[in-house]
Amino acid sequence: MSEQKDKAGLTKTEKDFVRNTWELVKQDVPGNGAALFLRFFDENPTYQGLFKAFKDVPKAELRGNKRFLAHVTSVMYTLSMIVDNIDETEVLVEMLTKMADNHLRHKTSVEMFANLKTMGYTTFYQNFLSK
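By the naming in an unreviewed UniProt entry, the chain is Globin domain-containing protein, taken from Medioppia subpectinata. In its Sequence similarities (unreviewed entry) section, UniProt records this for the chain: "Belongs to the globin family."

Have a look at this one:
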């Protein structure tokens with residue numbers, strides 16, 4: 001018998017997996033966020049230029065750049081809020097809608113999000129599951 005999915009299309013097992021996985025990521029929010037974005041920029045070199053605050057910072061110096069670290073930390077805490085509200089579908093929809101609207105204003109494409117998603121999985125597996 002398969003588990004019932006909620007309004008967001010997730011089962012309890014899937015939600016528990018997301019929560020448990022995110023607990024590993026939260027152990028070093030700035031470090032894991034930086035690793036994710038640095039890999040994202042490695043795989044998509046033009047994307048760094050979309051970030052006014054650190055577009056001209058050499059990639060080798062990003063880990064020490066306060067504006068970069070502030071941005072990646074903000075992104076990671078936004079993702080934490082999403083995970084924290086995984087059981088509140090209506091709140092989750094509002095949060096994701098707000099995030100989408102903000103990124104649309106910055107001309108972020110669906111392809112860019114798809115590329116980030118791929119980087120997130122790859123970075124997670126390299127950083128955590130290979131240990």
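Trainee: Lay out the nonpolar core in plain terms, naming residues and giving numbers.
Mentor: Ranked by size, the top nonpolar core spans 14 residues in total, and within it Phe37, Phe41, Phe54, Leu62 and Phe68 carry the most contacts. Mapped by element, the contributors of at least two residues to this core are helix 2 (29-43) and helix 3 (66-84). Residue contributions to this core peak at five residues, all from helix 2. Ignoring sequence-local partners within four residues, the contact set of Leu62 consists of Leu38, Phe41, Gln48, Phe54, Val57 and Phe68. Among the nonpolar cores identified, the runner-up in size contains six residues, and Trp22, Leu36, Met76 and Val83 belong to it.

Trainee: Got a sec to walk through helix 3? Specific residues and values, please.
Mentor: Side chains three or four residues apart in an α-helix point the same way, a direct result of the helix having 3.6 residues per turn. In this model helix 3 runs 26 Å from its N-terminal to its C-terminal C-alpha over 19 residues, within 8% of the 27 Å that 1.5 Å per residue would give. Within the sequence span of helix 3, burial applies to Phe68, Leu69, Val72, Thr73, Met76, Ser80, Ile82 and Val83. Turning to helix 3, the residues buried within the fold contact helix 1 (12-25), helix 2 and helix 4 (89-105). Measuring from the side-chain oxygen of the N-cap residue of helix 3 to the backbone nitrogen of Arg67 gives 3.0 Å; that N-cap residue is Asn65.

Trainee: Talk me through the side chain of Asn32; I want residue IDs and the actual numbers.
Mentor: Turning to its location among the elements, Asn32 is positioned in helix 2. Here Val25 takes part through its backbone oxygen, which lies 2.8 Å from a polar atom of the side chain of Asn32.

Trainee: If you had to explain the pattern of salt bridges to someone new, which residues and values would you point to?
Mentor: A pair can form between side chains of opposite charge whenever their charged atoms are brought close. The tally for this structure, following the rule as stated, stands at nine salt bridges. A salt bridge links Asp42 to Lys59; the shortest N-O distance between them is 2.8 Å. Residue Asp42 is located in helix 2, and its partner Lys59 is located in the loop between helix 2 and helix 3; the two are separated by 17 residues in the primary sequence. Of the residues examined, Lys59 reaches a relative accessible area of 35% and is grouped as partly exposed. Among the charged side chains, a salt-bridge network with shared partners connects Asp6, Lys12, Lys15, Asp16, Arg19 and Asp87.

Here is what the cut-offs are and how they apply
Residues numbered from 1 in each chain as written. Predicted model: local features only at pLDDT ≥ 70, side-chain atom pairs only at ≥ 80, totals over all residues. Heavy atoms only, no water. UniProt positions renumbered as here; feature names shortened; annotations may be inferred. Core = buried A, V, L, I, M, F, W, Y, C linked by side-chain atoms within 4.5 Å. Buried < 20%, exposed > 50% of the residue type's maximum accessible area, 1.4 Å probe, protein only. Helix = DSSP H or I, 4+ residues; strand = E, 2+ residues; numbered from the N terminus. Contact = heavy atoms within 4.5 Å. Expected span 1.5 Å × (residues − 1). Polar contact = N/O pair within 3.5 Å; in protein donor to acceptor, adjacent residues only side chain to side chain. Salt bridge = Lys/Arg side-chain N within 4 Å of Asp/Glu carboxyl O.

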